[in-house]
Amino acid sequence: MIELNILKNEESNHLIRGRVGDIPKKPLVFKIFDDITPLDLTGAIVKFYGRTSSGAVLIDVIVKITDPKNGIVEFSLPKNIFSSKGNFLSAYFGISKGAFFDTTNDMNITVLPNVDVSETHAKEVISNIEKLVEEAVEIINKGLSATKVDLDKTKTKLEGIKKQVDTLLAEIKAQTDKQLVAIKESLKSVEVKVVELNKLLEEGGFATKKEAQLIKITEDDGSCITLSGYDLLNTTDIKNFDGYVTSAKNTPTTSNAGYVKRKYRSGYIEIIYAPHSQKDVYRNAYNAAAEKWIGWTKTITAADNYQIPAITENTGKAKIYLSGNTVDVYKELLLLETGFYTIYISANTINAAPTTVRGTVFVEYKGKWLSVLGVGSNNKIYSLHYTSVAWTGWGEVETAVKDTGWMTLKTTADFTAYGSEELVYRTVGNQTYVSGVVTPTKDLEQGTTERLIATLPVGSRPSKTINLICQGTSINKWLLLIKTDGKISASRYGTTKYENMTKGTWLPLAPVVFLND
């Protein structure tokens, strides 16, 4: 089985060989890893990508997945994979699964040259040809009287073939002699290297005494080095240390024996101390610039009393995700174990809030007491409770009341404030107040025409159109309209009939109050 890895730290040490013109017979079995863990190929597609020594591309060759959980595939080499001699420029598998895509490290594929006829083979060929010649001569002799002319021609052809074989044999022998000479020269070079290596070994190894690192990191038997009376917070020792100390000084606990890992770089020191037979681990560090230790701190371990259960998925998404028109929110919540969770509840579920809610759920007792609190997509806060035997139903949580204070409304060009009586508004919670006195800046023809005075901003507009009869100059009346788009307008000015609103006409807006939600 050939092992490949998507980390691509190193090439595969398995060599796939063939000779030019060979046709692969059996499929090869590969095991693909992600570092040291078999890569899960469930639902994946694996393809072979290769480029021969001549640059020809082999791509999109589907690979059979035989054991997806353990990353095992079976690959039948393409028939034309041994078409060009030399090493493949690249050869790897590509793995795709959804949005995921990655490749393995290269596998080594070598295509050997094809030698047509060897010296021994050539002799066999000559021997067979000579037998054929003898058999042919025997047959021809039997019919010599009728075929003597043909016999001469056949013999000439056979002799020509023998001559060609002799020439081929000579060429093969010459090539073989050259190769033998080259091999002998290579062996001489290897012998020289062996002599050099032996000399190095006799002198005590490949590294000289100057080049070798003299500081030991373990005892000769492989156990950790032990120091006695070592000062954990000394600043003069520039050596890194990973071992055991006894009778140590400046320890963070009363225990003065334990394991120590000390790292030193340019005056900066970091030290980790684990007291003997204790579960706690401590860290300290020396700041060379400030010339002081930061102090011992205990690192958190699994044995400490901190909360282990995760309240979100590892991706950060909600731990509880409820969505779909067949999902019953009440039923799913009662199945939760005691604990605290983040939660997503879609508006399309059964027993959902008026809108999608994202928040938290606290289960005090499974199936008995729980509370949900979250923010809806409409920016409102919702709560839900289950008290032993009954649900309270979704409720909207009241938030702080909004108060804009009194704000001046800008009038259109047709109107202006009457004296010092500016047109103003104020929104408190879901109620808006409008007050002031305006007057036309010019004579305005009246009737049912709505003359725009000003426009209220978003958040201060009525949920329904407001129609209000207001007092005008003398005994005249006029219709005040405030629409859902915030437009404030005047129309129908007069007494028994419509009159024009002349410049300077008194148009008071009696304090108007309406709901804005």
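Residues numbered from 1 in each chain as written. Predicted model: local features only at pLDDT ≥ 70, side-chain atom pairs only at ≥ 80, totals over all residues. Heavy atoms only, no water.

### What about the overall build of the protein chain?
Then, in step 1: Looking only at helices and strands, the protein chain has 3 helices and 34 strands in total.
Then, in step 2: The burial tally for the protein chain puts 31% of its 517 residues in the buried class.
Then, in step 3: Of the contacts made within the protein chain by residues no fewer than 6 positions apart, 50% connect residues no fewer than 24 positions apart. (Helix = DSSP H or I, 4+ residues; strand = E, 2+ residues; numbered from the N terminus. Buried < 20%, exposed > 50% of the residue type's maximum accessible area, 1.4 Å probe, protein only. Contact = heavy atoms within 4.5 Å.)

### Here's the deal with the environment of Arg492
Then, in step 1: Within the secondary structure, Arg492 sits in strand 33 (residues 487–494).
Then, in step 2: Look at Arg492 and you get partly exposed, because its relative accessible area is 40%.
Then, in step 3: Along the sequence, Arg492 and Thr448 sit 44 residues apart, while their C-alpha atoms lie 5.3 Å from each other.
Then, in step 4: Apart from the residues lying within four places of it in its own chain, the contact partners of Arg492 are Gln446, Gly447, Thr448, Lys477, Trp478, Leu479 and Tyr498.

### Quick word on the sheet that holds strand 30 (residues 451–455)
Then, in step 1: The antiparallel open sheet is built from 4 strands, whose spatial order is 30-33-32-31. Since the sheet does not close on itself, it has two edges, and those belong to strand 30 and strand 31 (466–471), each with one partner. The mean inter-strand angle of the sheet, taken between neighbouring strand axes irrespective of direction, is 25°.
Then, in step 2: Pairing of strand 31 with strand 32 (residues 477–482) involves 6 bridges; the strand directions are antiparallel. Across the sheet, the residue bridging to Leu468 is Leu480, located in strand 32. (Pairing = 2+ DSSP bridges. Axes fitted to C-alpha atoms, helices over the stretch in contact; angles between N-to-C directions.)

### Examining a nonpolar patch on the surface
Then, in step 1: Together, Leu180, Ile183 and Leu187 line one region of the surface with nonpolar side chains, adding up to about 280 Å² of accessible area.
Then, in step 2: Among the secondary structure elements, Ile183 is positioned in helix 2 (residues 144–202). (Patch = residues over 30% accessible without salt bridge, like charges linked within 9 Å, V, L, I, M, F, W, Y side chains within 5 Å. Areas by Shrake-Rupley, 256 points an atom, 1.4 Å probe, with all protein chains shown as cover. Salt bridge = Lys/Arg side-chain N within 4 Å of Asp/Glu carboxyl O.)

### Some details on the sheet that holds strand 11 (residues 108–112)
Then, in step 1: Strand order in the open sheet formed by 3 strands is 2-11-8, and the pairing between neighbours is mixed. Only two strands of the sheet have a single neighbouring strand rather than two, namely strand 2 (15–19) and strand 8 (86–87).

### Quick word on the confidence of the model for the protein chain
Then, in step 1: When pLDDT is averaged along the protein chain, the result is 87; 89% of the residues meet or exceed 70.
Then, in step 2: Confidence, expressed as mean pLDDT per element, reaches its minimum in the protein chain at helix 1 (residues 119–142) with 58 and its maximum at strand 19 (residues 320–322) with 96. (pLDDT = per-residue confidence, 0-100.)

### Structural notes on the nonpolar core
Side chains of a nonpolar character, in soluble globular proteins, are inclined to be buried together.
Then, in step 1: Counting residues in each nonpolar core, the largest one holds 25 residues, and the members touching the most others are Phe30, Phe48, Phe93, Met107 and Ile109.
Then, in step 2: Contributions of two or more residues to this core are made by strand 1 (2–5), strand 3 (28–34), strand 5 (45–51), strand 6 (57–67), strand 7 (72–75), strand 9 (90–97) and strand 11.
Then, in step 3: It is strand 9 that contributes the most residues to this core, 3 residues altogether.
Then, in step 4: Leaving out residues up to four positions away in the same chain, Met107 has contacts with Leu4, Ser12, Ile16, Phe30, Phe48, Ala91, Tyr92 and Phe93.
Then, in step 5: Membership of the second largest hydrophobic core comes to 22 residues, among which are Leu444, Ala454, Leu509 and Phe514. (Core = buried A, V, L, I, M, F, W, Y, C linked by side-chain atoms within 4.5 Å.)

### Quick notes on unusual backbone geometry
Then, in step 1: Backbone geometry at Ser266 places phi at a positive 50°, although glycine is not the residue there.
Then, in step 2: Take Ser266: its relative accessible area is 58%, and that puts it in the exposed class.
Then, in step 3: If you check the backbone angles, Arg492 has positive phi at about 55° while not being a glycine.

### Details of the packing of aromatic side chains
Then, in step 1: For the structure shown, the criterion picks out 13 aromatic pairs.
Then, in step 2: Taken together through their ring pairs, the aromatic side chains of Phe30, Phe48, Phe75 and Phe93 make up a single cluster. (Phe/Tyr/Trp six-rings, centres within 6.5 Å; stacked < 30°, edge-to-face > 60°.)

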